[in-house]
Amino acid sequence: MAALEESGTATGAGGRVLRAPGTDGACVFVKHFGAEGIPFGRRLHAVLSAFLPVGIWSASPLLGARGLMAREWRKSAAFRAAGIAVPDLSAAGPEALATADAGPDGQAVLKRLRRAGDAAGHDALLVALAASLGRIHAAGLCHGRPHPRDTAPGEDGEIVWFDFEEEPEAVMPLLDAQARDLWLLFLQVCERAMDEGTPARALAAYRQAAPAGVAPRLSVHLGRASWTLALGRLLLRLHAGKDLRRYVGATLCLRELLGTEAPAVVPAWSAEAGLPIR
Ligand SMILES: Nc1ncnc2c1ncn2[C@@H]1O[C@H](COP(=O)(O)OP(=O)(O)O)[C@@H](O)[C@H]1O
Ligand SMILES: [Mg+2]
């Protein structure tokens, strides 16, 4: 690729993702996988994974820059092969990838719609994200950390997905990894929804295509995480932290949505995949 001129950094990218003009004048995003090393938080998460009481909290295998780049490349190719929209990728160095600019990311679009007071358009995008995740899961895939800022909603309503740095399906059965995807996306849906009926509509949209077992599996995991809500509520009385308030609020919303009760018997095995989960 011809010399890339930095024209700004992408949001939330910590300086390792740059938006730059490509050879044909169209913009590309260049992601430098080696720019920040393995962050301390990721290392800690990997160590703690052996002790975490909820299996779906486990960390993906820790990889260096080239491994992360290969993972992004591989998962993006699997999505493309399954008919899920992803941006075109090309190598931009031994530890860097260039991706075609897919347009404003989902988080930016949601913010714009919220500012414009377009609650219907805003919540329709949340529902579309959930429906798209359902199709991803139906194809036997898992995103790893689905978030509006790792998507670009196209004009035609199709959702483009990128940022495949997590691979929970490498350390847990696919159904659990998909349940975790559902959990992560719905933390966003529940927190952001402008209309109170939107999370239920989004879940129905997800379920239209998704494998039937994913939502019940998430119910099991959320039931097992009940103690975190009790602890979270207690901590909120002492200190009203924004992140904690979000976690408690969105998890309660999701539990209600899924009709989650703490399971009387906690399964020690994933019956579907025949693999042990904690
Ligand atoms: N192909 C793309 N099209 C549009 N926006 C992109 C693209 N790639 C990255 N971005 C923007 O850059 C941000 C960071 O890129 P991402 O690949 O998600 O890296 P990170 O691992 O730092 O989150 C995204 O949230 C999005 O705003
Ligand atoms: Mg990202």
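Refer to the structure presented above.
Residues numbered from 1 in each chain as written. Chains lettered and ligands numbered in written order. Predicted model: local features only at pLDDT ≥ 70, side-chain atom pairs only at ≥ 80, totals over all residues.

Describing the overall build of the chain
Moving on, step 1. The secondary structure content of the chain amounts to nine helices and eight strands.
Moving on, step 2. Considering the chain as a whole, with its 278 residues, one finds that 35% of them fall into the buried category. (Helix = DSSP H or I, 4+ residues; strand = E, 2+ residues; numbered from the N terminus. Buried ≥ 20, exposed ≤ 12 C-beta atoms within 10 Å, placed from the backbone.)

Comments concerning the packing of helix α8 (residues 226-238) against helix α9 (residues 242-258)
Moving on, step 1. Running from N to C, α8 and α9 point in directions that differ by 140 degrees, and their axes come no closer than 10 Å. Put simply, α8 runs oblique to α9. Regarding α8 and α9, the two cross each other, and that crossing is left-handed. Within the contact between the two elements, α8 uses Leu-229, Gly-232, Arg-233, Leu-235 and Leu-236 and α9 uses Leu-244, Arg-245, Tyr-247, Val-248, Thr-251 and Leu-252. (Axes fitted to C-alpha atoms, helices over the stretch in contact; angles between N-to-C directions. Parallel < 35°, antiparallel > 145°, perpendicular 65-115°, else oblique. Left-handed = near helix turned anticlockwise from the far one by under 90°. Contact = placed C-beta atoms within 7 Å.)

Here we look at the sheet that holds strand β4 (residues 96-100)
Moving on, step 1. Taking strand neighbours across the sheet as the criterion, the four strands line up as β1-β2-β4-β3 in an open arrangement whose pairing is antiparallel. Since the sheet does not close on itself, it has two edges, and those belong to β1 (17-21) and β3 (89-91), each with one partner. Going from strand to strand, the sheet's axes swing by 30 degrees on average, the running direction of each strand aside.
Moving on, step 2. Two elements, β3 and β4, share three bridges in a ladder whose sense is antiparallel. For Leu-89, the partnering residue across the bridge sits in β4 and is Thr-99. (Pairing = 2+ DSSP bridges.)

Structural notes on the pairing of β4
Moving on, step 1. Across the five residues that make up β4, a large majority, four, are buried.
Moving on, step 2. Two strands pair when backbone bridges link them, and strand β2 (residues 27-32) and β4 are joined in this way by five bridges, in the antiparallel orientation. Note on β4: the bridge partner recorded for Val-28 is Ala-100.
Moving on, step 3. Hairpin connection of β3 to β4: four residues between the antiparallel strands, including Gly-93 at a positive phi of 135 degrees.

A word on the pairing of β1
Moving on, step 1. With five bridges connecting them, β1 and β2 associate as antiparallel partners. From the neighbouring strand, Ala-20 faces β2, where its bridge partner is Val-28.
Moving on, step 2. Linkage of β1 to β2, two consecutive antiparallel strands, is achieved through a turn of five residues, within which Gly-25 is found at a positive phi near 95 degrees.

Observations regarding the packing of helix α4 (residues 119-138) against helix α5 (residues 174-192)
Moving on, step 1. Remark: α4 packs on α5, axes separated minimally by 10 Å, with the N-to-C direction vectors making an angle of 175 degrees. Taken together, α4 and α5 sit at an angle that is classed as roughly antiparallel. Here α4 contributes Leu-126, Leu-129, Ala-130, Leu-133 and His-137 to the contact with α5, which in turn contributes Gln-178, Asp-181, Leu-185, Val-189 and Arg-192.
Moving on, step 2. Looking at the contact of α4 with α5 residue by residue, the classes come out as six nonpolar, two polar and two charged. (Nonpolar A, V, L, I, M, F, W, Y, C, P; charged D, E, K, R; others polar.)

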